[in-house]
Amino acid sequence: MNFTFYLDTPAFQSLALHLMLALEIPVHMFGAFCILFRTPGSMRSVKWGMLNLHIWSMGLDLGVSLLTIPYILYPALAGFTLGVLNDFDVPLPYQAYLLAVLIGLLGVSIVTILENRYSVMFVQDHWWRHFRIPFLIFNYIFALVYFLPAYYYIPEQTSALKEVFEMLPELPQDIYNAHVFVLATDFRYVVLPVFVMSSLLVMESGCFIILIYNNMNERTKQLSLSRNTIRMQRKFLRALNIQTCIPLLILMLPMGYLVASRIFNIYFQSANNLCFIIIAVHGLSSTLIMLYIHAPYRDTMVYYRYINCHVTFM
C-alpha cells in the first residue's frame with residue numbers, strides 16, 4: 001500500500017475504530033444498567049428520556065465504529081466503508097443514509113429530554129400539553145426523512161468518480177481499486193438538509209432551555225415551588241446541560257476541520273480519518289460524563305470499583 005503515513009490508511013481507520021469499539025461496548029452497557037436499575041425515584045420522570053438519549057448515542061457509536069467504519073476522501077463527498085454491513089452486502093447509499101439518520105435521531109433525543117423536563121415541571125395546565133405528542137412525532141419523522149434529498153440526488157457513479165478523482169491529488173492505487181461511492185458532487189443536496197435539521201434542533205433546544213429557566217425564575221418569585229425543589233431542578237439541569245454540551249463541543253472539532261477543508265479545498269487523509277475517530281468518541285464521552293455528573297450513577301461506579309478492588313485484594 002503506497003500511503004505516505006500509516007494514519008492515512010484504511011487499515012489504521014479500521015484498527016482505531018475497532019479499539020474504540022472495545023472501549024465503548026462495556027461503558028455503554030454499564031451506562032444502560034445504571035439508567036435502568038440505579039435511577040432513583042427523584043429522577044423517575046427523566047429515566048426513559050435519558051435511556052432514549054443513551055440508546056441513540058450508543059447507536060451512533062456502533063454505526064461509526066462497527067457497522068460502517070467510513071473512509072472518506074473529503075473534501076469530496078466520496079469514500080467507502082470497512083464495517084460489518086459490507087459483509088452483508090448492504091449498499092453504500094443505505095449505509096450513508098443510516099449514519100445520517102442516527103445523527104438526526106441523536107439530536108432529536110436531546111430535544112426530547114429537554115421537552116420532558118419542561119412538560120413535567122410547567123405544563124400540567126398549559127396549552128402545550130395538547131401539542132407535545134404531535135411535536136415529538138414530527139421531530140422523529142423528520143429525523144428519518146430529512147436526508148432524502150441527498151439520497152434522491154445521488155449522482156451517476158461513473159462520471160461522478162471521474163470528477164472526484166480529478167478534484168483530488170494523486171491517490172494510492174488501492175484507493176482507485178476500492179469500491180468508492182460518491183454521495184454527491186453538488187454539496188447543496190447534502191449541506192442544505194443537514195443545515196435545516198441542525199438549525200431546527202438548535203432552535204428547539206434553545207427554546208426549551210430558555211422556557212425552563214424563565215419559568216423556574218418566575219415560580220421562584222411567586223414562591224410556588226420550594227427552594228429545595230428549585231435547587232434540585234437547577235442542579236439536574238446543569239448536569240444535563242454538561243452531559244449534552246461537552247460531547248457536542250467535541251463534535252465541533254471535526255466539523256470545524258471539515259468546513260475549513262471544503263472552503264480551502266484541502267485533502268489530508270489522516271485528518272479525515274481522525275475526524276471519524278473523534279465522532280466515535282462523542283458517544284463514549286457522553287456516557288462517561290453521564291456516569292460522573294449524576295450522583296446516583298457515580299455512587300454506583302464507586303461501589304463496584306470498591307467491590308472489584310476488595311475481591312482482587314482477597
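- Naming follows an unreviewed UniProt entry, where the chain appears as Serpentine Receptor, class H of Caenorhabditis remanei.

## Some thoughts on the packing of aromatic side chains
- Tallying each qualifying case throughout the model produces 20 aromatic pairs.
- When the ring of Tyr6 is compared with that of Phe12, the centres are 5.8 Å apart and the planes differ by 75°; the resulting orientation is edge-to-face.
- With centroids separated by 6.0 Å and ring planes inclined at 80°, the aromatic side chains of Trp127 and Trp128 adopt a geometry described as edge-to-face.
- Trp128 sits in the buried class, given a relative accessible area of 13%.
- Residue placement shows Arg188 over the ring face of Tyr189; its charged tip is 6.0 Å from the ring centre.
- Lying over the aromatic face of Tyr292, Arg298 brings its terminal NZ or CZ to 5.6 Å of the ring centre.

## Structural notes on the environment of Phe122
- Here Phe122 lies in helix α3 (residues 92-122).
- A relative accessible area of 5% means that Phe122 is categorised as buried.

## Things to note about the nonpolar core
- Formed by 63 residues in total, the largest nonpolar core has its most connected members in Met50, Val64, Phe147 and Tyr297.
- Within the residue set of this core, elements represented by two or more residues are α1 (10-37), α2 (44-68), α3, α4 (132-145), β3 (181-184), α8 (188-222), α9 (227-263) and α10 (269-293).
- Here the element with the most residues in this core is α3; it accounts for 16 residues.
- Judged by nonpolar contacts, the second largest core, of 12 residues, contains Tyr71, Ala76, Phe80 and Val182.

Definitions and cut-offs
Residues numbered from 1 in each chain as written. Predicted model: local features only at pLDDT ≥ 70, side-chain atom pairs only at ≥ 80, totals over all residues. Heavy atoms only, no water. Phe/Tyr/Trp six-rings, centres within 6.5 Å; stacked < 30°, edge-to-face > 60°. Buried < 20%, exposed > 50% of the residue type's maximum accessible area, 1.4 Å probe, protein only. Lys NZ or Arg CZ within 6 Å of the ring centre and 35° of its normal. Helix = DSSP H or I, 4+ residues; strand = E, 2+ residues; numbered from the N terminus. Core = buried A, V, L, I, M, F, W, Y, C linked by side-chain atoms within 4.5 Å.

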